[in-house]
Amino acid sequence: MTSLIEAHDVRRTYGSGSKTYDAVRGVDLTLARGELLAVLGVNGAGKTSLVEVLEGMAPATSGTIKVFGHDPHEQRSKVRPRTGIMLQEAGFSGDLTVTETLQMWSGTLSSPRPIPEALDIVNLGHRADIRVKSLSGGERRRLDLAMATLGRPELLFLDEPTTGLDPASREATWAVVQGMLDHGTSVLLTTHYLEEAEQLADRLVIMAEGQIVREGTVAQITAEEPSRIQFDAAALAQLPLEDLAGLPGLTRVPQTVRNDVVLTSSDLQATLGALLGMADAAGARLDNLDARSGSLEQAFLSLSNTPVPAVAA
Ligand SMILES: Nc1ncnc2c1ncn2[C@@H]1O[C@H](COP(=O)(O)OP(=O)(O)OP(=O)(O)O)[C@@H](O)[C@H]1O
């Protein structure tokens, strides 16, 4: 597959002199044709700072970026007509109608879709004559998406496209994005919603403190995460932590988190089987027993240095 984006050792530093902040710290990234790559990370991880330099909206402080083989900032005129960009916040004039807003943007594009078609795709046809300032937050996001897809882009950048949307609107947006993918558009998307990444992404990268700390398919990332077993700490009366520490497959010593015992395991079947045998032999009840394989959420939290909470009973 050809890469539409090739970025190597990209850095982005804000400020100057003694007051600088490295928001992106040596990122390597590729996006293949027809692929959707999701960039995940907690607030401040550097997602927007990275995406802006890939889009060509700002220069990288150092490193190389090629989009369609061109530097997206220096050779913006070669890259921009082939890309669609949905920013986190678009600066629409509230006094224009939805149609007028799209007409203005359409005039700058070489082969725009007809405006009714663009509105239909995002299900905004019934709001065509409404002033932008009267749209709901979710409708504005859909207008953002209509603008980004108006020029039939080969490459679409979506920066948190579904933040603030209700579940139904979020699913509708996913359907639009899936439709674009089905027609061969390549997509780079940032999101806080792990479910969104799981639903749409061919591949994901997780960013923390300006770096990519994990990369792969959802299956590859979750396979590297240990499984978790937890149960009510009342069982410790018959099964003390020192005994539990002898279970096979554990990746760290058993812990108590609030009122639960938490075990992490690289071999869920072996650990769980031995635990149940030990509980039977000791006559212990494992109330609220919960056993689950590694999840994307768990990988995300541990890679973002966020404590993994005990599962709510
Ligand atoms: N113009 C700026 N000047 C100085 N620091 C900035 C600037 N823009 C962003 N930063 C800092 O760079 C870091 C990364 O910000 P960025 O917006 O790229 O993160 P993000 O992962 O997109 O976060 P969010 O999920 O909240 O949108 C943050 O610590 C932020 O405060």
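Residues numbered from 1 in each chain as written. Predicted model: local features only at pLDDT ≥ 70, side-chain atom pairs only at ≥ 80, totals over all residues. Heavy atoms only, no water.

The protein goes by ABC transporter ATP-binding protein in an unreviewed UniProt entry, where it is assigned to Tessaracoccus rhinocerotis. What UniProt states about the protein under its Subcellular location (unreviewed entry) heading is, verbatim, "Cell membrane". (UniProt positions renumbered as here; feature names shortened; annotations may be inferred.)

**Q** Is there a simple way to explain the packing of aromatic side chains in this structure?
**A** For any two aromatic rings, the description comes down to two numbers: the centre-to-centre distance and the angle of the planes. Here the structure, examined in full by the defined rule, presents zero aromatic pairs. Over the aromatic face of phenylalanine 68 sits the side chain of arginine 82, whose NZ or CZ is 3.8 Å from the ring centroid. (Phe/Tyr/Trp six-rings, centres within 6.5 Å; stacked < 30°, edge-to-face > 60°. Lys NZ or Arg CZ within 6 Å of the ring centre and 35° of its normal.)

**Q** Is there a simple way to explain the nonpolar core in this structure?
**A** Across soluble globular proteins, nonpolar side chains have a tendency to be buried as a group. The biggest cluster of nonpolar side chains holds 43 residues, and the ones touching the most others in it are Leu36, Leu102, Leu143, Leu158, Val187 and Leu204. The contacts of leucine 204, once residues within four sequence positions are left out, are Leu37, Ala38, Leu40, Ala197, Arg214, Glu215, Gly216, Val218, Ile221 and Leu296. Val24, Ile85, Leu188 and Met207 belong to the second largest nonpolar core, which has 26 residues in total. (Core = buried A, V, L, I, M, F, W, Y, C linked by side-chain atoms within 4.5 Å. Buried < 20%, exposed > 50% of the residue type's maximum accessible area, 1.4 Å probe, protein only. Contact = heavy atoms within 4.5 Å.)

**Q** It is not clear to me how the UniProt feature "domain: ABC transporter" (unreviewed entry) in the protein should be interpreted in this structure. Could you clarify?
**A** When the UniProt feature table is mapped onto this chain, "domain: ABC transporter" (unreviewed entry) is found at residues 5-234. Here residues 5-234 is 31% helix and 30% strand, with 54 Å between the C-alpha atoms at its ends. (Helix = DSSP H or I, 4+ residues; strand = E, 2+ residues; numbered from the N terminus.)

**Q** How should I be thinking about the side chain of threonine 99 in this particular structure?
**A** With respect to the helices and strands, the residue threonine 99 is situated in helix H3 (residues 98-106). By relative accessible area, which is 18% here, threonine 99 ends up buried. Dropping the residues within four chain positions of it, threonine 99 is found in contact with Ile115, Leu119, Ala128 and Asp129.

**Q** Is there a simple way to think about the sheet that holds strand S7 (residues 186-191) in this case?
**A** Hydrogen bonds along the backbone pair up the strands of a sheet, which may run parallel or antiparallel. Here we have six strands laid out as an open sheet, ordered S5-S6-S7-S3-S8-S9, and mixed in their pairing. Edge positions in the open sheet fall to strand S5 (83-86) and strand S9 (211-216), since each of these has one partner strand only. Sheet twist, expressed as the average angle between the axes of neighbouring strands with direction ignored, equals 15°. Across four bridges, strand S3 (residues 36-40) lies against strand S8 (residues 203-208) in parallel orientation. By the bridge assignment, leucine 37 is partnered in S8 with arginine 203. Seen against the sheet, helix H5 (residues 137-149) touches S5 and strand S6 (155-159) and runs at an angle of roughly 165° to S5. (Pairing = 2+ DSSP bridges. Axes fitted to C-alpha atoms, helices over the stretch in contact; angles between N-to-C directions.)

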